[in-house]
Amino acid sequence: MSFTRTRPALVVLGAAALLSASVAVPQASAAGRTSTSLAWYDATAETIAAAGASTQITNSRTWAISWLAAARATRSVPTGVERGAFQEAALAGAVHRALVTLVPSRAEQLDATYKETLDAIPDGPAEERGVAAGEKQADLVLKSREGDGLDPASVNAPYPVKPPAPGVWQPTPPGYAPAAQYGNRLAKPFLLKTQSQFRLGPPPALDSRRYAADLAEVRAYGAADSAVRSARQTETATFWLGSSLTLYTEPLRVALSRADQGIAGQARLVALFHVALVDTQIATSDSKYTYDRWRPVTAIRTGTIDPDPDWTPLHTTPAHPDYPSGHNTYAGAARTVLSALVGPRTAPFDLTSPTAPGVTRTYTAWKQLADENVDARVFSGIHTRSADEAGITLGTNVARYVLQNAGRLLAPR
């Protein structure tokens, strides 16, 4: 799509009104570079919130493509041009080109943000070459991801459910929906050599002490009518119930706003975060559908350990196998990237959740978010603790690999 700087005046968009989680207004720095990064971060978040795909990994893909292009475009600055102006134009050119291609229904709003960015950059070679570099990298990344299997139809490819048997996943009440996200394990990763590169070992055996303890815990603490789950534990389950992509949008923005790495480092942070998350979600489905482990509600209602056909979890069980927990693979990968690139701790920040209206929680370390995710899925009654802890392990392993191989991912093409 072409862009001319004679478009109508900027339409101001409120991120907080469009996002499910809170997002602050972009902050300005002396050179305007942080403001540029945050403006396009918010534009990306608004685009996903307003017109994103029905599948989380597809939206993660949109983030990854847009910001990987920006990271590549801002990494090398031609001689003879002003560095800051070039990088701001390159970031804007990359993210704008990628987003209007992937989400054309948001072109008007994205064009307005683009115009504002370019109006703030002095006309001249730095701006022109920056825009060209950004658009080139966006086109190259978009081309490389064609047919990667991360569109919604491919993500939810049909999965033939196995006959009922102890430990085998079955559709869960109340909707008994068909299996979701099976197609993730068939998709093309950004960096992993294969989808199964970090496949987990098997879950605890059904006759093991660990599995008996897992099931007893979720039976007691995850029941809709639990007599032992505290109000705080119920709040934790509800707070972390929604989409991990939505819930981690604000923590990543906090990290971005506090990252003293220049515009190229900021683009790298967002790019590596979302590349790691796409590859983690692919690896998650690989392990889930390899082991096909039944959910707690099925095990408690029909299993051999004191079956209770009326047991109901606090929250509705998602339509895919238990092991590992996808929320926790996401949390493990997010913690790993944020800790590596901005440090494990940060000044206090507040976080809200669309599934827990009126609740605000304060955090000072990325690990706190991951720890709460582990507990939350048990208190919701939808995962065993083994599945949650395995999720953290898998997400950590994938993210570490992405960070270790970031150089070959980020090199401009």
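Everything numeric in this text was worked out from a predicted model, so none of it was measured.

Once that is clear, we can look at the UniProt feature "domain: Phosphatidic acid phosphatase type 2/haloperoxidase" (unreviewed entry) in the protein. UniProt records the feature "domain: Phosphatidic acid phosphatase type 2/haloperoxidase" (unreviewed entry) at residues 275-404, using the numbering of this structure. Helix and strand shares over residues 275-404 are 58% and 11% respectively, and the end C-alpha atoms of the span are 13 Å apart.

Turning to the packing of aromatic side chains, a few remarks are in order. Summed over all chains, the structure comprises 15 aromatic pairs. Considering the side-chain rings of F349 and W366, the 5.5 Å spacing of their centres and the 35° angle between planes classify their relative orientation as tilted. Of this pair, F349 sits in strand 1 (residues 345-352) while W366 sits in helix 15 (residues 366-379), placing them 17 residues apart in sequence. Pair check on accessibility: F349 and W366 agree, each one buried. Here a set of aromatic residues connected by ring pairs shows up, and it is made of F239, W240, Y248, Y330, F349, Y363 and W366. Directly above the aromatic system of Y211 lies the positively charged group of R293, at a separation of 5.1 Å from the ring centroid. A cation over an aromatic ring shows up here: R361 above the ring of F239, its NZ or CZ 5.4 Å from the ring centre.

Moving on, we come to the environment of A85. Within the secondary structure layout, A85 lies in helix 4 (residues 83-102). Residues A85 and P125, spaced 40 residues apart in sequence, show a C-alpha to C-alpha distance of 9.3 Å. Residues in contact with A85, not counting those within four places in the same chain, are I121 and A126.

Let us now look at the confidence of the model for the protein. Residues with a pLDDT of 70 or more make up 92% of the protein, whose mean pLDDT is 92. Note that residues 1-34 has pLDDT below 50 and, in this model, 69 contacts with residues that lie over four places away or in other chains.

In this section: the side chain of D388. With respect to the helices and strands, D388 occurs in helix 16 (residues 385-404). This buried residue, D388, is left without a salt bridge; R377 holds the nearest opposite charge, at 5.7 Å. Excluding its chain neighbours within four sequence positions, the residues that come into contact with D388 are S325, N328, V374, R377, V378 and H383.

Right, let's talk about the pattern of salt bridges for a bit. Enumeration according to the criterion identifies 18 salt bridges in this entry. Among the salt bridges present, the one from R232 reaches E235, with a minimum N-O distance of 3.4 Å. Placement of the pair is R232 and E235 together in helix 9 (residues 231-239), with a separation of 3 residues, close to one helical turn. Here E235 falls in the partly exposed class, since its relative accessible area comes to 25%. Among the salt bridges present, the one from E372 reaches R361, with a minimum N-O distance of 2.9 Å. Here E372 is found in helix 15, whereas its partner R361 is found in strand 2 (residues 360-365), with 11 residues between them in sequence. Taken together, the shared-partner salt bridges connect R232, E235, R361 and E372 into one network.

Calculation criteria
- Residues numbered from 1 in each chain as written.
- Predicted model: local features only at pLDDT ≥ 70, side-chain atom pairs only at ≥ 80, totals over all residues.
- Heavy atoms only, no water.
- UniProt positions renumbered as here; feature names shortened; annotations may be inferred.
- Helix = DSSP H or I, 4+ residues; strand = E, 2+ residues; numbered from the N terminus.
- Phe/Tyr/Trp six-rings, centres within 6.5 Å; stacked < 30°, edge-to-face > 60°.
- Buried < 20%, exposed > 50% of the residue type's maximum accessible area, 1.4 Å probe, protein only.
- Lys NZ or Arg CZ within 6 Å of the ring centre and 35° of its normal.
- Contact = heavy atoms within 4.5 Å.
- pLDDT = per-residue confidence, 0-100.
- Lys, Arg positive; Asp, Glu negative; His and termini not counted.
- Salt bridge = Lys/Arg side-chain N within 4 Å of Asp/Glu carboxyl O.

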